[in-house]
Amino acid sequence: MDTQTPEKAAVRIQSWWRGNLVRRTLLHAALRAWVIQCWWRSIQAKTLEQRRRLALRLYTCQEWAVVKVQAQVRMWQARRRFLQARQAACTIQTHWRWHASQTRGLIQGRYEVRARRMELDIEILMT
């Protein structure tokens, strides 16, 4: 065993103790920094998730708005086509009724009643 003076032994023990204190202090500081980093990362992850959800909600709202506008436009187009078809049908019906009234219903003729020996001229108009 090495013969050391008590002063050297005391210095050696003190330096060992100070080293332990420094290492312990550094370990505590590192652990505290690690805890703060974990907390900060969790906060950032939550913030990022909130942003993603907000972006998804905004995207969904925009998509639904587009779908609603498209549905309204398609409904308007279908209604316009229906109204045009109805107007065309009314026009055709009006013309057909006019034509039918002009070609059908006018019966002109001469009828004789022989029982009494009387002659009649009869004009029948059907409307």
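An account of the accompanying structure is given in this report. (Residues numbered from 1 in each chain as written. Predicted model: local features only at pLDDT ≥ 70, side-chain atom pairs only at ≥ 80, totals over all residues. Heavy atoms only, no water.)

### Considering the overall build of the protein
In terms of helices and strands, the protein carries 1 helix and 2 strands. In the protein, the succession of α and β elements from N to C terminus is α-β-β. By the burial criterion, 2% of the 127 residues in the protein qualify as buried. Per element, the accessible surface of the protein, about 12800 Å² overall, is 61% carbon and sulfur. (Helix = DSSP H or I, 4+ residues; strand = E, 2+ residues; numbered from the N terminus. Buried < 20%, exposed > 50% of the residue type's maximum accessible area, 1.4 Å probe, protein only. Areas by Shrake-Rupley, 256 points an atom, 1.4 Å probe, with all protein chains shown as cover.)

### Focus: the pattern of salt bridges
Going through the model one piece at a time under the given rule, you end up with 1 salt bridge. Put simply, R53 and E49 hold a salt bridge, and the shortest N to O gap is 3.3 Å. Here E49 and R53 lie together in helix 1 (residues 6-103), a separation of 4 residues that amounts to about one turn. (Salt bridge = Lys/Arg side-chain N within 4 Å of Asp/Glu carboxyl O.)

### Concerning a nonpolar patch on the surface
Residues I13, W16, W17 and L21 make up a contiguous nonpolar surface patch of roughly 450 Å² in combined accessible area. Structurally, the position occupied by W16 is in helix 1. (Patch = residues over 30% accessible without salt bridge, like charges linked within 9 Å, V, L, I, M, F, W, Y side chains within 5 Å.)

### Points about the packing of aromatic side chains
The tally for this structure, following the rule as stated, stands at 2 aromatic pairs. Considering the side-chain rings of W16 and W17, the 6.2 Å spacing of their centres and the 45 degrees angle between planes classify their relative orientation as tilted. Given a relative accessible area of 52%, W16 falls into the exposed group. (Phe/Tyr/Trp six-rings, centres within 6.5 Å; stacked < 30°, edge-to-face > 60°.)

Honestly, that's just the spatial picture; any functional story needs more than this.
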